[in-house]
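# Working through the structure, step by step
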Amino acid sequence: MTVESTAARTPRRSAGSKAGSSGTKAAGTTGTKRTTRTTAKKGADAANGDGPQLVQLLTPEGKRVKNAEYDGYVAGITPEELRGLYRDMVLTRRFDAEATALQRQGELGLWASLLGQEAAQIGSGRATREDDYVFPTYREHGVAWCRGVDPTNLLGMFRGVNNGGWDPNSNNFHLYTIVIGSQALHATGYAMGVAKDGADSAVIAYFGDGASSQGDVAEAFTFSAVYNAPVVFFCQNNQWAISEPTEKQTRVPLYQRAQGFGFPGVRVDGNDVLACLAVTKWALERARAGEGPTLVEAYTYRMGAHTTSDDPSRYRGDEERLAWEAKDPILRLRRHLEASNHADEGFFAELETESEALGRRVREAVRAMPDPDHFAIFENAYADGHALVDEERAQFAAYQASFTDAEGV
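All figures in this text were calculated on a predicted structure; none of them were measured in a lab.

Packing of helix α2 (residues 79-104) against helix α3 (residues 118-127) brings their axes to within 10 Å, and their N-to-C directions diverge by 130°. Here α2 is positioned oblique relative to α3, judged by the angle of their axes. Relative to α3, α2 is oriented so that their crossing is right-handed. Here L85, D88, M89, T92 and R93 of α2 lie close against α3, whose contacting residues are E118, A119, I122 and R126. Looking at side-chain class alone, the contact of α2 with α3 contains four nonpolar, one polar and four charged residues.

As structure tokens, then:
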């Protein structure tokens, strides 16, 4: 299986000034008349410099471009580290493809693919420190990889055998959050606690463009700004909130929303792993230094379905998908590695073998997962037990026993 040929990357050009920070001028921020444009047209405008500028360090062709403001955050990156970022993205995509296949085979109840968003997740995930705390949605498989969560642990919830599969405190990586936008509030509250404890760590919350319309996210912005919480809000704008395009979510670019709450926002090329790494490092350092929250909008594209229960062909055209497929984030970094002589064919072949081994391990682990204890749902609801829970457990036990009685008749 060729793991680098099935996703997307983003056409953007370098931002030479303070791209996306509070006060940045951008198209579409004044006036009352709204012009509706397709997502593909917006992407083309940004590529041509007609839309909001974004931070880019690698072009879709893999060429390194200069950015005075953010170059310093990746200036010391070594060829080995670049290969590591490439490996992260390839293996994350391979795991994601295997999980999608397992769902289609009936092994998982549902799966939310990250196809096309690998650079945003790996770049931002590798920018975190071990003592930072991460609050994901249900699609941050690449960030989980960066935080050291075993990929097989992500699948238990989607198979229906557990409620998460890992201890959040072991990796400072919270359990996946299904409720849209709620993790932004969780992250803000945690960050306020970090500040009160006097720690110099930071918190990062992930959400999508659709979640940016949720009241929970607006409340998180308000509290984080007022209390100067050390939190980074990382919005992966993949252009589609299920079937709703971004232009039906906002009248201005998403990163500009931060201005109204009193903290900076920046738009980054979400298919450029170096730019995502640099911008997230900058935002996390701001947080640790006591400078408050930041909104990072990673401008990317969801190549596949919202989840495996979705059919994207019903609401978007093939030409849009193909336009973004031509800008694959993994292919972009491969081109850079090859042009810079930082990787040879032996490296890519070895990685392909490793990715196939990962796929086999994931398949075997999922099929070996034991069924959950039917009574586990009653455990840990209350620390010291509860009479109502005891009553419900007894009722459920009687219900289960009724099946045994019926079989014995």
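From this point on, the discussion continues.
Next up on the list: the packing of α2 against helix α10 (residues 273-288). Helix packing geometry: the angle between the two helix axes and the distance between the axes. Where α2 contacts α10, the axes come no closer than 11 Å and their chain directions differ by 105°. In this view, α2 runs roughly perpendicular relative to α10, as classed from their interaxial angle. Contacts between α2 and α10 involve L82, L85 and M89 on the former and, on the latter, V273, L274 and L277. Taken together, the residues that form the contact of α2 with α10 break down as six nonpolar, no polar and no charged.

Within the element layout of this structure, D269 appears in strand β6 (residues 265-269). Here R332 takes part through its side chain, which lies 3.0 Å from a polar atom of the side chain of D269.

Quick look at helix α13 (residues 345-367) now. When the terminal C-alpha atoms of α13 are compared, their 34 Å separation across 23 residues agrees well with the 33 Å that a helix rising 1.5 Å per residue should span. For α13, the set of buried residues is F347, F348, L351, S355, L358, G359, V362 and V366. On its buried face, α13 sits against α2, α4 (141-146), α5 (156-159) and α12 (329-339). Two to three positions downstream of the cap, the backbone nitrogen of G346 sits 3.2 Å from a side-chain oxygen, assigning the N-cap of α13 to D344.

Another point: the environment of R64. Tracing the sequence through the fold places R64 in the loop between α1 (39-47) and α2. Exposure remark for R64: the relative accessible area of 27% places this residue in the partly exposed category. Other than its neighbours up to four places away in sequence, R64 contacts L57, L58, D71, V74, L274 and H336. Within the local environment of R64, its side chain forms a polar contact with the side chain of D71, the two groups lying 3.0 Å apart.

Looking at the protein as a whole, the pLDDT averages 88, with 86% of positions reaching at least 70. Low pLDDT, under 50, characterises residues 1-50; the predicted model gives this stretch 152 contacts beyond four residues in sequence or across chains.

Another point: the packing of aromatic side chains. Evaluated as defined, the whole model comprises 28 aromatic pairs. Ring geometry for F233 against F263: centres 6.1 Å apart, planes inclined by 35°, an arrangement best described as tilted. One end of the pair, F233, is in strand β3 (residues 231-237); the other, F263, is in the loop between α9 (257-261) and β6, and 30 residues separate them in sequence. F263 shares its class with F233; the two are buried. Through a chain of ring-to-ring contacts, the aromatic side chains of F95, W111, F158, W166, F173 and Y176 assemble into a single cluster. Above the ring of W324, the side-chain terminus of K327 is found at 5.5 Å from the ring centroid. Its guanidinium or amino end placed over the ring of F348, R334 lies 3.7 Å from that ring's centre, counting from NZ or CZ.

Tallied over the entire structure, the rule returns 24 salt bridges. For D132, the salt bridge goes to R288, with nearest N and O atoms at 2.6 Å. With a gap of 156 residues between them, D132 in the loop between α3 and β1 (133-135) and R288 in helix α10 connect regions that are remote in the sequence. Judged by its relative accessible area of 18%, R288 is buried. With its nearest N and O atoms 3.5 Å apart, the salt bridge here joins R286 to E291. Look at the salt bridges and you will find they share partners, linking R94, E98, E356 and R363 into a network.

So, on to the sheet that holds strand β7 (residues 294-299). Across the sheet, which stays open at both edges, the five strands sit in the order β1-β2-β3-β7-β6 with parallel pairing between neighbours. The open sheet terminates on both sides in strands that have one partner only, identified here as β1 and β6. Across the sheet, the mean angle separating the axes of adjacent strands is 20° when strand polarity is ignored. Here six bridges tie β3 to β7, and the two strands are oriented parallel to one another. Across the sheet, C235 pairs through a bridge with E297, a residue of β7. The strands touched by helix α8 (residues 215-226) within the sheet are β2 (203-208), β3 and β7, with β3 carrying the most contacts at an inclination of about 150°.

Quick notes on the rules
- Residues numbered from 1 in each chain as written.
- Predicted model: local features only at pLDDT ≥ 70, side-chain atom pairs only at ≥ 80, totals over all residues.
- Heavy atoms only, no water.
- Axes fitted to C-alpha atoms, helices over the stretch in contact; angles between N-to-C directions.
- Helix = DSSP H or I, 4+ residues; strand = E, 2+ residues; numbered from the N terminus.
- Parallel < 35°, antiparallel > 145°, perpendicular 65-115°, else oblique.
- Left-handed = near helix turned anticlockwise from the far one by under 90°.
- Contact = heavy atoms within 4.5 Å.
- Nonpolar A, V, L, I, M, F, W, Y, C, P; charged D, E, K, R; others polar.
- Polar contact = N/O pair within 3.5 Å; in protein donor to acceptor, adjacent residues only side chain to side chain.
- Expected span 1.5 Å × (residues − 1).
- Buried < 20%, exposed > 50% of the residue type's maximum accessible area, 1.4 Å probe, protein only.
- pLDDT = per-residue confidence, 0-100.
- Phe/Tyr/Trp six-rings, centres within 6.5 Å; stacked < 30°, edge-to-face > 60°.
- Lys NZ or Arg CZ within 6 Å of the ring centre and 35° of its normal.
- Salt bridge = Lys/Arg side-chain N within 4 Å of Asp/Glu carboxyl O.
- Pairing = 2+ DSSP bridges.

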